Amino acid sequence: MNAPLPVLTSNDFASDQDVRWCPGCGDYSILAQMKKVLPEIGIPPEKTVFVSGIGCSSRFPYYVNTYGVHSIHGRAPAVATGIKVTRPDLTVWVITGDGDALSIGGNHFIHLLRRNLDVNIILFNNRIYGLTKGQYSPTSVEGQITKSTPMGAIDHPLNPITVALGVEATFIARSIDSQVKHLAYTLKRAAEHKGTSFVEVYQNCNVFNDGAWAYAAERATRDDTTIELEHGKPMIFGKDKDKGIRLNGLRLEVVDLKDGKFKESDLLVHDEQGDPNLTFLLGRMRHPTFPEPIGVFRDVMNTTFDDSVREQTNQAIAKRGKGDLQKLFHSGETWQVS
Amino acid sequence: MNAPLPVLTSNDFASDQDVRWCPGCGDYSILAQMKKVLPEIGIPPEKTVFVSGIGCSSRFPYYVNTYGVHSIHGRAPAVATGIKVTRPDLTVWVITGDGDALSIGGNHFIHLLRRNLDVNIILFNNRIYGLTKGQYSPTSVEGQITKSTPMGAIDHPLNPITVALGVEATFIARSIDSQVKHLAYTLKRAAEHKGTSFVEVYQNCNVFNDGAWAYAAERATRDDTTIELEHGKPMIFGKDKDKGIRLNGLRLEVVDLKDGKFKESDLLVHDEQGDPNLTFLLGRMRHPTFPEPIGVFRDVMNTTFDDSVREQTNQAIAKRGKGDLQKLFHSGETWQVS
Amino acid sequence: MSIETAKPTKPVKTVSEITVRLAGDSGDGMQLAGTQLTNTSALSGNDVATFPDFPAEIRAPRGTRAGVSGFQVQFASHEVHTPGDTLDALIAMNPAALVTNLADLHPGGLLIVNEDNFEEKDLKLAKLTKNPLDDPSLEKYRLVRVPMNRLTREAVKSLGLSPKEVDRCKNFFATGLVYWLYGRDISATLRFIHGKFSTGKEDVAKANELSLRAGWAYGETTETIESTYTVPAAKLPKGTYRNVMGNQALAWGLIAAAHRSNKELFYASYPITPASDILHELCKLRNFGVTTFQAEDEIAAVCSAIGAAYGGTMAVTTSSGPGIALKAEAMGLGIMIELPMLVIDVQRGGPSTGLPTKTEQADLLQVLFGRNGEAPLPVLAARSPSDCFEIVQEAWMLAVKLMTPVVILSDGYIANGAEPWAIPDVANLSPIEITHPELGVDGRPFLPYQRDELLARPWAVPGTPGLMHRVGGLEKEDGTGNISYDAENHQKMVHIRAQKVANAATLLPPQQVVGPSSGDLLVISWGGTYGACLTAVQRAQDEGRSVAHAHIRYMNPLPKNLGEIIKRYQKVLIPELNMGQLRMLIRDKFLVDAIGLNKIKGKPFSVGEVHQKICELALKK
Amino acid sequence: MSIETAKPTKPVKTVSEITVRLAGDSGDGMQLAGTQLTNTSALSGNDVATFPDFPAEIRAPRGTRAGVSGFQVQFASHEVHTPGDTLDALIAMNPAALVTNLADLHPGGLLIVNEDNFEEKDLKLAKLTKNPLDDPSLEKYRLVRVPMNRLTREAVKSLGLSPKEVDRCKNFFATGLVYWLYGRDISATLRFIHGKFSTGKEDVAKANELSLRAGWAYGETTETIESTYTVPAAKLPKGTYRNVMGNQALAWGLIAAAHRSNKELFYASYPITPASDILHELCKLRNFGVTTFQAEDEIAAVCSAIGAAYGGTMAVTTSSGPGIALKAEAMGLGIMIELPMLVIDVQRGGPSTGLPTKTEQADLLQVLFGRNGEAPLPVLAARSPSDCFEIVQEAWMLAVKLMTPVVILSDGYIANGAEPWAIPDVANLSPIEITHPELGVDGRPFLPYQRDELLARPWAVPGTPGLMHRVGGLEKEDGTGNISYDAENHQKMVHIRAQKVANAATLLPPQQVVGPSSGDLLVISWGGTYGACLTAVQRAQDEGRSVAHAHIRYMNPLPKNLGEIIKRYQKVLIPELNMGQLRMLIRDKFLVDAIGLNKIKGKPFSVGEVHQKICELALKK
Ligand SMILES: Cc1ncc(C[n+]2csc(CCOP(=O)(O)OP(=O)(O)O)c2C)c(N)n1
Ligand SMILES: Cc1ncc(C[n+]2csc(CCOP(=O)(O)OP(=O)(O)O)c2C)c(N)n1
Ligand code: SF4
Ligand code: SF4
Ligand SMILES: [Mg+2]
Ligand SMILES: [Mg+2]
């Protein structure tokens, strides 16, 4: 899957529909990176299917010239399951939003992850309901003022990363709409993973929740507010790469590398196959206490639902032979009338 | 809530309906313990509401003489939310099953937990669909043979404890139908916690999944296959209390206390307010590798949805005064026709 | 001489039909006994129809009225379409079974009871203060008291089984006695017994055989039964037969339809009574290229089916009323994106959770109208267990010809009922032609919403180069399928979708009528009431009443010629197990003052109920 | 003299009604300008009706046809019930707005364009090759080219605002010009401007004021418009008036109903167009004892409402078609456990996701039949924005009197439309009596399913000692409410639930008819088509046609006297924005060959469309 087929270019994946997102919406950048990555993955358009629910983000499938289903609100994971289980030869992407995936679609989302179906979920997290013009979502922060929470949201937000971890997702990653290189890399990694790949993308809704991710997205601050997870590398961040993350007992702490108290070797080294509880710690790193990790939190192997289904079918055939209707109909007691 | 009102006895909570569970079903014991605990909690029957979905377990409300709603499949958490938000004066219990709470009801379940509504969820986990006569459930083990999986279940089961932790539940506990004392204690603890209390109960379905929990339930084995979590106490288990759980780096390990290599002081001391990632470790302790913890995994404080709602209402009134319809109707431009 | 071929030695009365009900505790194995009697009667050439009736609880408390499980079968020397109204014989294994079933036994009927189960404690469990066997009201029946516990114990004592195991043989003792009573050959049941308990449990098998034989022998020796009965073979169309239950026939029908269309079958469902057995049957047949997916809920089930259909597979989802309600929104999506799939509703008592184990016909309007917006789809209704096989073939043919989801209605009565089925010759099953477009050589752009003569759109499947296209729930532009908010286009598409479904009528046979082509009364039925209505009409015809029967299998669109048929009768009667749902459609479409006979008791019609109503409306000439 | 009271100095023509549409880019603030014109016209004593029409996209690409946003208002010196068919004046801010709206401008109508926005790039965005202003076809209109960008810029240059801020003032320039054209007083709009931008943004407020005044002044100075118009005040019933939009009136109606029943309001919903504004309005009014709960989905919303109702609170859930479909199963539960609650469906274009921002009436059958089993409930339909307030009062009264969920139907046209509302005197709002039982002194056991004369059961709320009881979705035993699988009981309960809903008719006023009590034609309408149908009928009556109008607000049960009314007319016409859903009910119930006028274009009827059909069916005498 790695070797890009030179024949494919991002034009092969451009659809003829005009894009209808608001000017300045973070979705544009995600679309652009996806179009860049798809040819590199080397799966031809006709072998690729994008499935989405409802929401601004879920308009995505119309803008890539592959097969696609713009389904109903929250149900994309279920639609994708039907496609992948019956058509394992296809590469299936699920495009969803924070409301689509975590509010109405939360159940399908966790069941897709636990079954570890070999599809890629990209969650456009803008911490708001965009298409319906600005109500709060399950990822809206406490106290967030929105059309439906004029006095501030009171729900404790869901953390997509720990939710995914709680159901033992095999691939968990995070990126940011404006970090185009990192985003492209992350999408590619998601495509390469066998099993359900889950990617949370910080996406700016500049109309209803502008700047929700400013701290993590903007040049000025992002080096100090985010940390890039790199497998096998110590966890260093900061404009001058002078801060790091250290494991102190069971807790993580931010340490300064300047004052000589700690050196690189004291830092936590990221391991994509590391203990889930460590991953859990990373998932719970939240601004402003911590820089927020971007990159691949977890990438482990487990049996996939689609493989297991095929296996059982083959077993059944091996054990009982390809089904014979005549035999089936005549099994048990029969009698003649003449 | 602690001081039991002497006036109440378990008879006050006995309903006139004959119980319709299969002879030998684990549900009987849970019902018995609930009836024992309710008077001790001291909330009168008329202030108590049991809400359930659909399933054998969900028949529960008919058997306690309190207020109750036997709702529809998977939706008990939503019904309970409507009751508790509007009637904070009531004590609300949600009775559910592994299919009811984690299959069709998974989304309502996690949203109830994240909102930390002050209700108590008791999940009767028998790893099977009982009422519909024996299909597999989200907690059925891989390979489990059921009516709907004659070749064995292929989904990776959900772990109710880590699912709850992934959404930051504030009270997480586990008990076993046959461990009546422990069960009663755990139910009581759940009642005492402010916020959503989640209790998983290992329950035996002796008709469709008999012995699913035998290892943890039976006298012969349970001391070695389960470990009782006690706040502030070292994690010791085994018939002769000669084994313990030790934290080795980020991993847990079972150690022997006989061979002198480790002593009690080396063991992990359980802390109900401990780091969530440690709780996560405990939640992932699975038989046969580990003894499975029973007791209270986690008991922490956080704002509850029902309190926050009231607070906002009071704020609104404080700020704008009790709503005045006449004023509202006449706000903005009006004109007279005479 | 071996008993297999033995004939009872007592005087034999020949009768044309017999209705028997075996009733006992859920633990007593009455369903099994009834099934054996059914199969054996069918094997002997009778036509049969059954009605199993079991408690809602998994294991209702032993000996209670709630715990009574009954199995009724009618076997006859002519065609039968119902399990029979009143009983010629009732076998009651305990007091609860007696008191809850006696009302259906006709005067002079044979009442066989297991007198060993009429102790104080048994009476108490049945909430009885005195022993019903001592009740003078029993005098109008032919009461036969059999100490079944004791006799069974004696019959098997040689094997030294546990009391519990012995107890479990009682049903075979009863079966043996019934076999004797109706001169039934026990060999098939012996085959069953030894097939079932083969491995390791030979002693249990043996015990069951001994009990069966003991029951048979008891009949020979007892004085209390003076004669036996024989029901000659029925003249059924020639062919090879077997018994099928409704859900089994649906499952097999799906596999056959997939086979005929040369497709794999994707079956997605969430368990619910009384539909679950379809899942149970199909998941055993994975070697037929069947994938069964037990989804996390009904919404996921129907949505995964939509995904599979988009992928080019034969997709099916099934449920009962409450689950079908949950599928409503997604069914609308299926209609909008115009993909073929089957949605099967095995109806049960409603509303809400209702009466899960009871039958009803009250989902017709739900499947027709239970979606937002104008969202029509074809709806077909099975009329009997064996008809479930055929209805699937027709439904799938419509789905692929019209590119639309199609609903099939069954019900709890059909689902669990059994009847003989003339096994089709698989070799002669015609293929169901399905074409998936390829990129045209002319290089003209592919139009996913271009229409054929039936107004169906092409079924282009992922993987086909050049045909990449997106479908979704927003209104589509005619032809291109692009999103369109255009006013005229919307109206056009709404009409196209409606007309497409209406076109189904051109693919379906015209409505048939049984009886005079005009007259006093037309009885219109649909679904599971077929048997009772047909039998009642035939009885009325025999009495010289001017009445005909039209049974509708195609609920939407209704048969083209139906209106013209209705005109030819003075009155129209529509018996339904609901408050008049088909009646509403008929009145609306044909402006005829159709009369309803509406029963909503969780039970099928008895022939008598329908016949009585017919007699009110069509007088003897 | 200050302009507030200035009158245009050009010749003034007095007319009885005017229809204007302001059309521009979504960014141009046309909705705001239209709302101001509406309010000011109402304040001047006119009756008004509006039709806002905005793009489906949040921010459709600037300058494109998809991005055009329009606001139409009719103001008149007599009662108006529709926003008007054809336009007297069209204000087009860019080429896309011109080409997509011109068709509705009647010949000789005034066409005011912002000529600064007809550059090459603007034409390209509108997918135009040549400038439509140069098109000879425009000659049949009175074209007025106004360089609005330039004039606005000049008007505000003193303030030194950013180009972007200046650009945002254009809509007030247009508003000023329109105010001048119709002799409108600008003071209310000035109050609005300064109220809106008060804090910190005084310069922006000032800029808007200057633009408004500049627009007005332009009218005075330009030669291109030779006369202005005045529309005298309408003779409306006396009282204090304000404008309300449909969703706002629903929200306020809910608060009023809660206030009248001395209950807190629990409002549970999941956002969906076009229902969300009800949530937005209510969550601002928490100090009225309103709790708004944005649930995780529609199922949770309706289920939490059921919980709140069980707790004794006034519970409401709202959605649009797709969300209502998801609520189906739970609504069945609400019917089974017989608790009062309101379910409001603000209909939109379907099926499936359909046309979210467009209006339609195609959910009638869904709310009536979209549930498993026999699950009837009362259904009411609002006819106009202000009627939304009243309909809630009636619906809630039924819900508590009958202990049942009640459905209210609105639609996107009503939801976003505005009209004057005679503000009720809160002091005179009669209380809605609700009684919750207490434990009887006689100590007789409490029966949760005991019936009163209307067949309603008691609403016993948790917290009441001695009344502990359980409710659920399984069939209930009459009286006790215990689970019952009994056949007779089931039939009885199904009939009780049906009769209870039927009893609603005894609580509701009889059907009224506008026009002759018998004649050639009866036009039956429901919901949002009220205005167009009434106006069309009145026009036909003025022409001397024998036609009457019956507008139905109570869809289920239908008014008791409706059948008897229908009999008195030769023909019945039922115009609907669907394929004939009410028509089906009427035909079924009354066996009348009702004729349909069915439009399904995401738009309301024009008066002309209905009138034309009436003329076909009822000839001039
Ligand atoms: C069943 C149903 N309920 C509600 C809606 C209305 N709706 C459409 S998108 C959406 C949420 C959008 O938020 P999100 O998923 O975060 O996507 P975004 O627009 O922010 O990208 C809602 C509530 C719907 N279309 N269908
Ligand atoms: C909407 C709906 N779908 C399906 C069902 C059928 N059903 C009833 S209970 C149940 C699952 C029961 O399993 P669980 O929740 O584990 O409870 P248990 O019986 O094991 O205690 C199902 C599928 C239903 N009643 N309603
Ligand atoms: S509303 Fe927000 S998320 Fe939606 S398109 Fe506009 S900017 Fe993007
Ligand atoms: S089926 Fe299982 S869970 Fe249900 S009552 Fe029987 S034993 Fe208990
Ligand atoms: Mg979002
Ligand atoms: Mg279970």
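Predicted model, so just to flag it, every value in this text is computed and none were measured.

A. Representation of the state of the cysteines within the structure. Residues and elements named next belong to chain C. One pass over the structure, following the stated rule, counts 0 disulfides over all chains. Residue Cys388 stays outside any disulfide, its sulfur separated by 17 Å from that of Cys533, the closest cysteine. We classify Cys388 as buried; its relative accessible area is 0%.

B. Examining the packing of aromatic side chains more closely. Scanning the entire structure with this criterion turns up 48 aromatic pairs over all chains. Centre to centre, the rings of Phe173 of chain C and Tyr218 of chain C are 6.1 Å apart; their planes meet at 55 degrees, and the pair counts as tilted. Highlighted residues: Phe173 of chain C in helix H6 (residues 170-181) and Tyr218 of chain C in helix H8 (residues 202-221), separated in sequence by 45 residues. Taking 5.5 Å as the distance between ring centres and 75 degrees as the angle between the ring planes, the aromatic pair formed by Phe75 of chain D and Tyr182 of chain D counts as edge-to-face. Placement of the pair is Phe75 of chain D in strand S4 (residues 68-76) and Tyr182 of chain D in the loop between helix H6 (170-181) and helix H7 (187-196), with a sequence separation of 107 residues. Tyr182 of chain D shares its class with Phe75 of chain D; the two are buried. Positioned over the ring face of Phe305 of chain B is Arg115 of chain B, at 5.8 Å from the centre of the ring. Positioned over the ring face of Trp459 of chain D is Lys263 of chain D, at 5.0 Å from the centre of the ring.

C. Fine view of the site of ligand 4. With respect to spatial proximity, the complete set of residues near ligand 4 consists of Trp21, Cys22, Cys25, Cys56, Asn126, Gln203, Cys205, Asn206, Val207 and Phe208 of chain B together with Ile58 of chain C. Along the lines of polarity and charge, the residues of the shell around ligand 4 split into 8 nonpolar, 3 polar and no charged.

D. Focus on the coordination of the magnesium ion (ligand 6). Protein-derived ligands of the magnesium ion (ligand 6) are Asp98 of chain B (OD), Asn126 of chain B (OD1) and Ile128 of chain B (O), with the metal-ligand distances lying across 2.1 to 2.2 Å. Judged by its relative accessible area of 3%, Ile128 of chain B is buried.

E. Representation of the pairing of strand S11 (residues 292-299) of chain B. Residue and element names in this part refer to chain B. Across the 8 residues of S11, 8 count as buried, placing the element largely inside the fold. Where strand S7 (residues 226-229) meets S11, 4 bridges bridge the pair, whose relative direction is parallel. When the bridges of S11 are listed, Ile227 appears paired with Pro293.

F. Quick look at the coordination of the magnesium ion (ligand 5). Residue and element names in this part refer to chain A. Every protein donor of the magnesium ion (ligand 5) is accounted for by Asp98 (OD), Asn126 (OD1) and Ile128 (O), and the metal-donor separations fall at 2.0 to 2.2 Å. For the magnesium ion (ligand 5), the donor residues sit on a single chain with the sequence spacing D-x27-N-x1-I. Residue Asp98 is located in helix H3 (residues 98-102), and its partner Ile128 is located in the loop between strand S4 (120-125) and helix H5 (160-166); the two are separated by 30 residues in the primary sequence.

G. Local environment of the site of ligand 2. Taken together, 21 residues lie near ligand 2, and Cys56, Ser57, Asp98 and Asp100 of chain B together with Glu298 of chain C sit nearest. Those chains with residues close to ligand 2 are chains B, C and D. In this structure, Leu131 of chain B approaches ligand 2 through a main-chain N or O atom, which is 3.0 Å from an oxygen atom. When ligand 2 is considered free in solution it has 580 Å² of accessible area, and contact with the protein chains removes 98% of it. Of the residues forming the shell around ligand 2, the biggest block, 3 residues, is contributed by helix H3 (residues 98-102) of chain B. Classifying every residue of the shell around ligand 2 by side-chain character gives 9 nonpolar, 8 polar and 4 charged.

The rules behind each value
Residues numbered from 1 in each chain as written. Chains lettered and ligands numbered in written order. Predicted model: local features only at pLDDT ≥ 70, side-chain atom pairs only at ≥ 80, totals over all residues. Heavy atoms only, no water. Disulfide = S-S within 2.5 Å. Buried < 20%, exposed > 50% of the residue type's maximum accessible area, 1.4 Å probe, protein only. Phe/Tyr/Trp six-rings, centres within 6.5 Å; stacked < 30°, edge-to-face > 60°. Helix = DSSP H or I, 4+ residues; strand = E, 2+ residues; numbered from the N terminus. Lys NZ or Arg CZ within 6 Å of the ring centre and 35° of its normal. Near = heavy atom within 4 Å. Nonpolar A, V, L, I, M, F, W, Y, C, P; charged D, E, K, R; others polar. Donors = N, O, S within 2.8 Å, 3.2 Å for Na, K, Ca; no water. Pairing = 2+ DSSP bridges. Polar contact = N/O pair within 3.5 Å; in protein donor to acceptor, adjacent residues only side chain to side chain. Areas by Shrake-Rupley, 256 points an atom, 1.4 Å probe, with all protein chains shown as cover.

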